[in-house]
Amino acid sequence: MASNATKTLKASCLCGAASYETTVPSSSLPLKSWWCSCTSCRRMTGTLALCVVYLPESYSPPQAVLEKLTVFEFTKRVFQYFCSTCGSHILARCLDDAEAKEPRITWDAMSGTLEQFDGFVHLRGHEFINDTLDGGISDFIPTIGSRQLDRYSTRPEKSEQLPLNWRDPKLADLKPNKDKVHAQCKCGGVEFWIAHPSARSTHAASNWPDLLRPNAPDNPNNECWWLQDNNTKFLAGTCSCNTCRLASGQEIVQWAFVPTVDITLDAAGKVKFERQFGTLKQFESSKGIFRSFCGVCGASAFYWADDRPFLMDVAIGLLDSPEGARAEGLLEWRTTRLSYREDALGRAKAVVDGIESGLQAHGERRDRGEREIIERQVREEGAKVMVVR
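The structure displayed is predicted, hence computed values, not measured ones. (Residues numbered from 1 in each chain as written. Predicted model: local features only at pLDDT ≥ 70, side-chain atom pairs only at ≥ 80, totals over all residues. Heavy atoms only, no water.)

Overview of the overall build of the chain
From N to C terminus, the chain includes four helices and 23 strands. Across the 389 residues in the chain, those meeting the buried criterion constitute 53%. Long-range contacts, defined as pairs at least 24 residues apart, comprise 63% of the intrachain contacts of the chain with a sequence gap of at least 6. Accessible area of the chain: about 17,800 Å², with a carbon and sulfur share of 49%. (Helix = DSSP H or I, 4+ residues; strand = E, 2+ residues; numbered from the N terminus. Buried < 20%, exposed > 50% of the residue type's maximum accessible area, 1.4 Å probe, protein only. Contact = heavy atoms within 4.5 Å. Areas by Shrake-Rupley, 256 points an atom, 1.4 Å probe, with all protein chains shown as cover.)

Printed below as a string of structure tokens:
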């Protein structure tokens, strides 16, 4: 006997303008989901990957919701919808045939907008890892619970799976990049460059260290927590706070912490950074705290606060580093803790646990690799080398 049981799926953007809910058959749950690491998805969201959820074929969004959204033609077949006010990516309209007069239309939801993840969504794995060059986010999240996530080079139905810690072979011969790192959104309306840290990078100020909150003390001595690896790299990390999740529409957001003096609007470094340029739009998510996104494609770009005007959080998905999506020649990733994990536990505990354990394991692999390099240097050069992390 067929079951008529249903469940209500609720979703919202950060500002609440594009909130909606729909009833889905319980038999259709959990909904399938993938993390896509392709370059286009990274540039469009500002994150290392887009987490998309396939809605039932019967779903069609209310017109009142669509009127609150800006539509971006991602491809001839896929149209992305994001909140015109806060920039949150909400939905995607997908055509089975872009050339057909009456194509079949299905809709995808962005997982970060869903009120509840556990019980509603089954995250299959990662696709388009090949675009990242360095494995991207897939090395941070190899498992959820005891289940290994799939790791496809391109589309799942058209490619092989890649091993954990995969790197594009051409990276082996790549010399360290000392040039500015280029960054841009999917449509190209937001474009800038980031210089590597220098003495001037210490002149920024922050009252508190972002990645350690909410348990961190204040920073009365203005320690330069945004500089790592003997002040040669900027700190990077992952945030799962509700505000970042809803502002982006993604499960987690990756930020690099960069002084404004190290960001320029041209490759030569002559055009100084400004908070408003190109196609940027701004949204004040709370008093004195601002988020900016591209008004054309919706990519998250920056976060800043009035009490630290010379330090910006930069969306890492925009970076175009020759060393790969994680830009590890420019950034040092904090892997000991998923920032604001407390916000996410109630809606996506399995994902939070998977991300945090994956981050920690990645950090251990990284540190082990560094020790092996140091030991080899000692053997080859006969020098005593000490590293303090």
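Points about the confidence of the model for the chain
Per-residue confidence for the chain averages 91 on the pLDDT scale, and 90% of its residues sit at or above 70. Within the model, the stretch residues 383–389 combines pLDDT values under 50 with eight contacts to residues more than four positions away or in other chains. (pLDDT = per-residue confidence, 0-100.)

Concerning the pattern of salt bridges
Within this structure, the stated rule accounts for 17 salt bridges. Arg200 is paired through a salt bridge with Asp262; the nearest N and O atoms lie 3.4 Å apart. Here Asp262 lies in the loop between strand E17 (253–259) and strand E18 (263–264) and Arg200 lies in the loop between strand E14 (191–194) and strand E15 (227–228), a separation of 62 residues in the sequence. According to the relative accessible area criterion, Asp262 is buried, its value standing at 1%. A cluster of three or more residues bridged by salt bridges with shared partners is formed by Asp139, Arg151, Arg326 and Glu328. (Salt bridge = Lys/Arg side-chain N within 4 Å of Asp/Glu carboxyl O.)

Examining the packing of aromatic side chains
In total, this model carries 13 aromatic pairs according to the counting rule given. Seen from their ring centres, Phe192 and Phe302 are 5.0 Å apart, and the 45 degrees between their planes marks the pair as tilted. Placement of the pair is Phe192 in strand E14 and Phe302 in strand E21 (residues 300–305), with a sequence separation of 110 residues. For the pair Phe192 and Phe302, one class covers both residues: buried. Considering the side-chain rings of Phe273 and Phe277, the 6.0 Å spacing of their centres and the 75 degrees angle between planes classify their relative orientation as edge-to-face. Above the plane of the ring of Phe79 lies Arg93, whose end atom (NZ or CZ) is 4.6 Å from the centre. The ring of Phe74 carries the charged tip of Lys186 above its face, separated from the ring centre by 5.4 Å. (Phe/Tyr/Trp six-rings, centres within 6.5 Å; stacked < 30°, edge-to-face > 60°. Lys NZ or Arg CZ within 6 Å of the ring centre and 35° of its normal.)

Details of the environment of Ser146
Mapped onto the elements, Ser146 comes out in the loop between strand E10 (143–144) and strand E11 (147–148). Separated by 208 residues in sequence, Ser146 and Gly354 have C-alpha atoms that sit 9.2 Å apart.

Observations regarding unusual backbone geometry
Outside of glycine, negative phi angles account for most residues, and trans bonds account for most peptide bonds. Cis geometry is adopted by the peptide bond preceding Pro30, which originates at Leu29 and carries an omega value of -5 degrees. Residue position: Pro30 is located in the loop between strand E2 (20–25) and strand E3 (31–36).

Observations regarding the sheet that holds strand E7 (residues 89–95)
As summarised here, the arrangement of the eight strands in space is E5-E6-E7-E8-E4-E3-E9-E12, forming an open sheet in which the pairing is mixed. On the outer flanks of this sheet lie strand E5 (69–73) and strand E12 (150–151), each paired with one strand and no other. Where E7 and strand E8 (residues 105–110) come together, five bridges link them in antiparallel fashion. Paired with Leu91 across the two strands is Ala109, which belongs to E8. (Pairing = 2+ DSSP bridges.)

Focus on the environment of Gly237
Note that Gly237 resides in strand E16 (residues 233–239). C-alpha of Gly237 to C-alpha of Val253: the two residues are 16 residues apart in sequence and 8.4 Å apart in space.

Some details on the side chain of His196
Along the polypeptide, His196 turns up in the loop between E14 and E15. His196 sits in the buried class, given a relative accessible area of 18%. Among the polar contacts made by the side chain of His196, one reaches the main-chain carbonyl oxygen of Asn177 at a distance of 3.1 Å. In this structure the side chain of His196 is engaged in a polar contact, spanning 3.2 Å, whose partner is the backbone oxygen of Asp179. (Polar contact = N/O pair within 3.5 Å; in protein donor to acceptor, adjacent residues only side chain to side chain.)

Examining the nonpolar core
Counting 108 residues, the largest nonpolar core has Trp35, Leu91, Phe192, Phe302, Val314, Leu319 and Leu331 as its most contacted members. By residue number, the principal contributor to this core is helix H4 (residues 341–381), which donates six residues. Looking at which domains feed residues into this core, each of domain 1 (7–151) and domain 2 (176–368) supplies at least three. Non-local contacts of Leu319, meaning those with residues more than four positions away in its chain, are made with Arg43, Val181, His182, Ala183, Ile194, Ala327, Leu330 and Leu331. (Core = buried A, V, L, I, M, F, W, Y, C linked by side-chain atoms within 4.5 Å. Domains from an automatic or database assignment.)

Describing the sheet that holds E18
In spatial order, the strands read E13-E14-E18; together these three strands make up an open sheet with antiparallel pairing. This sheet does not close on itself; its edge strands, each paired only once, are strand E13 (181–184) and E18. Pairing analysis gives two bridges linking E14 to E18, with the strands arranged antiparallel. Residue pairing for E18: Ile194 is matched across the bridge by Ile263.

So, the pairing of strand E4 (residues 50–54)
Of all five residues in E4, four are buried; the element is thus mostly enclosed. Pairing between E3 and E4: four bridges, direction antiparallel. Among the inter-strand pairings, Cys36 is bridged to a residue of E4, identified as Leu50. Pairing geometry for E4 and E8, over three bridges, is antiparallel. Counterpart to Val52 in the pairing with E8 is Met110.

Let's talk about the side chain of Asn177
Position of Asn177 relative to the elements: it lies in the loop between E12 and E13. One polar contact links the side chain of Asn177 to the main-chain amide nitrogen of Asp179, over a distance of 3.2 Å. Ignoring anything within four residues of it in the chain, the contact list for Asn177 reads His196, Pro322 and Glu323.

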